Amino acid sequence: MGLTLPVYLDNAATTRVDPRVVEAMLPCFTEIYGNPGSRNHSFGWDAEAAVNAARAQAAQLIGAQPKEIIFTSGATEGNNLALKGAAEMYAKKPAGETSRGHIITAQHEHKAVLDPAKRLQKMGFDVTFLEPPADGVITAEAVKGAMREDTILVSIMWANNEIGSINEVPKIGAVCHDRNVIFHTDATQWVGKMPTDVNRDNIDLLTWSGHKIYGPKGVGAMYLRRRKPRVRVVAQIEGGGQERGYRSQTLNVPGVVGFGKACELCSLEMDSERDRLLALRTKLEKSLSASIDHVQVNGHAEKRLPNIMNMSFGFVEGEGLMMAIKDVAVSSGSACTSASLEPSYVLKSLGVGDDLAHSSLRISLGRFTTEAEIDFAIEKITWAVHHLRTLSPLWDMHNEGIDINSINWQSH
Ligand SMILES: Cc1ncc(COP(=O)(O)O)c(C=O)c1O
């Protein structure tokens, strides 16, 4: 099979929409175009039926009831609703006072959790940002150790978007439930790839997004537990009272239908896809480690999503490496959200030094990744690292036995 360039290996950033999802969405633009809130005619009823079917598909993927699904515009909104909505609902004191309650999260969460958590700090809540260990895995022990008498909410992502490491979510949920603390998990990188059961896994609030699971952008969902315990959040977007008042706005019916179809396809294909991706990732990782010296895989060796690999290549600079592998689309260890080339805060929080963080790539595989593409990436990256090293004075110095870290770079 011929290879189409460039090769896309940035599936943790976003995914191509599955053609089966597009097909499911198309009638919602021109045929099923009613407002699902319209109660008086068949256009409204048809749209409502389509939304209900999608709600059932989304619920099924995570072992929830359809009534426990609230459609959102994606994981950023879902995380804002979960954190701010739960904090406001379970606050110990009213707005305007301090010590309104304690919240636990971690330093290497996505900004869509960190920034709402920082906002809550300004609003009078105490927030503990747990420092992850070098392997990036937040344990139930760590969460237990940070619990206080006044802890109201814990938010720990299921799997990290930069390194793929998997936190001890079911155990963390159990710790929270023992103490009647609300537990939210940002499962954006997890759901659809790994088996999920909100009851078995002790989750109260769970957020995910369509565009990471081969669905459209701008749509996602939040799971809100209704029984044992019944969990509530304060709405953050108010208006027409859609989604049982938790999230107002006329629903994005094509998006929701596409999201539902994407969830259904993940449910059906998850098991075989997981094995396939793991085999491809293992090949990538082993081949690069065998053909290039001074590489390091960031994150946990085993407790990691099957589709994400984050690797540092000593003595090369990540941005230069990305330029040298132009035909392979990946992410670098520099913060992509800013114009500055600050090393990634996630890698920094694991204790990865600035130099190795700068020299890292995140390679993320997906449903449409083929073995031929992985072979191409291995060849390209191996060539590029060796080539860049031949140009690097640091590499020459290293080969002459000079310890790079001992050099005093200041001029006198
Ligand atoms: C872990 C995690 N949380 C949240 C988000 C934000 O998702 P969305 O783009 O749907 O707002 C992303 C995607 O970038 C993510 O990887």
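Fair warning: this is a prediction, and the values are worked out from it, not measured in the lab. (Residues numbered from 1 in each chain as written. Predicted model: local features only at pLDDT ≥ 70, side-chain atom pairs only at ≥ 80, totals over all residues. Heavy atoms only, no water.)

Structural notes on unusual backbone geometry
Cis geometry is adopted by the peptide bond preceding Pro-6, which originates at Leu-5 and carries an omega value of -5 degrees. Of note, Pro-6 is situated in the segment before strand 1 (7–8). Between Lys-228 and the following residue, Pro-229, the backbone shows a cis peptide bond with an omega angle of -5 degrees. Structurally, Pro-229 is set in the loop between strand 8 (220–224) and helix 8 (253–291). A positive phi angle is found at Asn-180, which is not glycine, with a value near 55 degrees. Considering the arrangement of structural elements, one finds Asn-180 in the loop between helix 7 (169–178) and strand 6 (182–186). (Helix = DSSP H or I, 4+ residues; strand = E, 2+ residues; numbered from the N terminus.)

Looking at the nonpolar core
A general tendency of soluble globular proteins is for nonpolar side chains to be buried together. Of all hydrophobic cores here, the largest spans 57 residues; its most connected members are Val-154, Leu-206 and Trp-208. Taken domain by domain, this core gets at least three of its residues from each of domain 1 (7–12 + 270–402) and domain 2 (19–266). Ignoring any residue separated from it by four or fewer positions in sequence, one finds Leu-206 in contact with Ile-62, Trp-158, His-184, Thr-185, Ala-187, Val-191, Thr-196, Val-198, Ala-221, Met-222 and Tyr-223. Among the nonpolar cores identified, the runner-up in size contains 26 residues, and Leu-361, Ile-374, Phe-376 and Ile-378 belong to it. (Core = buried A, V, L, I, M, F, W, Y, C linked by side-chain atoms within 4.5 Å. Buried < 20%, exposed > 50% of the residue type's maximum accessible area, 1.4 Å probe, protein only. Domains from an automatic or database assignment. Contact = heavy atoms within 4.5 Å.)

Details of helix 8
Over its 39 residues, helix 8 runs only 49 Å from end to end, short of the ideal 57 Å by more than 12%, given 1.5 Å per residue. The largest bend along helix 8 reaches roughly 65 degrees and is located at Met-270. The backbone nitrogen of Gly-255 has a side-chain oxygen 2.9 Å away, supplied by the residue at the start of helix 8, namely Asn-252. (Expected span 1.5 Å × (residues − 1). Bend = angle between axes of the 7 residues up to and from the residue. Polar contact = N/O pair within 3.5 Å; in protein donor to acceptor, adjacent residues only side chain to side chain.)

What to know about the domain arrangement of the protein chain
Per the domain assignment, the segments of the protein chain are domain 1 (7–12 + 270–402) and domain 2 (19–266). Its C-alpha centre places domain 1 at a distance of 30 Å from the equivalent point of domain 2. Contact with domain 1, which involves 24 residues of that partner, is made by 35 residues of domain 2. Note on domain 1 versus domain 2: buried area summed over both sides is about 2500 Å², and carbon and sulfur give 58% of it. Among the residues of domain 1 in contact with domain 2, Met-270, Tyr-345 and Arg-367 are the three that bury the most area, contributing 27% of the side total. Linking domain 1 with domain 2 are zero salt bridges. Our count for the contact surface shared by domain 1 and domain 2 stands at 12 residue pairs in polar contact (both at pLDDT 80 or more). (Buried area = accessible area lost by both parts, 1.4 Å probe. Salt bridge = Lys/Arg side-chain N within 4 Å of Asp/Glu carboxyl O.)

Looking at the site of the ligand
Taken together, 13 residues lie near the ligand, and Thr-76, Asp-186, Ser-209, His-211 and Lys-212 sit nearest. Between a nitrogen atom of the ligand and a side-chain N or O atom of Thr-188, the distance comes to 3.4 Å. Within the side chain of Ser-209, an N or O atom sits 2.5 Å from an oxygen atom of the ligand. Here the ligand, which alone exposes 400 Å², has 84% of that area covered by the protein. In terms of residue count, the dominant contributor to the shell around the ligand is helix 4 (residues 75–90) (three residues). (Near = heavy atom within 4 Å. Areas by Shrake-Rupley, 256 points an atom, 1.4 Å probe, with all protein chains shown as cover.)

Some words on the pattern of salt bridges
Using the criterion set out here, one finds 20 salt bridges in the structure. The residue Arg-274 makes a salt bridge to Asp-271 at a minimum N-O spacing of 3.8 Å. Taken together, the positions of Arg-274 and Asp-271, both in helix 8 and three residues apart, correspond to about one turn of that helix. On the accessibility criterion, Asp-271 (48% relative accessible area) is partly exposed.

As for a positive patch on the surface
A cluster of basic side chains, namely Lys-67, Arg-230, Arg-232 and Arg-244, defines a positive patch on the protein surface. Tracing the backbone through its elements, the reader meets Arg-244 in the loop between strand 8 and helix 8. (Patch = residues over 30% accessible without salt bridge, like charges linked within 9 Å, V, L, I, M, F, W, Y side chains within 5 Å. Lys, Arg positive; Asp, Glu negative; His and termini not counted. Charge placed at Lys NZ, Arg CZ, Asp CG, Glu CD.)

Focus on the side chain of Ser-349
For Ser-349, the location among the structural elements is in helix 10 (residues 345–349). Ser-349 gets classed as buried once you look at its relative accessible area, which sits at 10%. Only 2.7 Å separates the side chain of Ser-349 from the backbone oxygen of Val-346, close enough to count as a polar contact. Setting aside residues up to four positions removed in sequence, Ser-349 forms contacts with Gln-107, His-108, Glu-131 and Pro-132.

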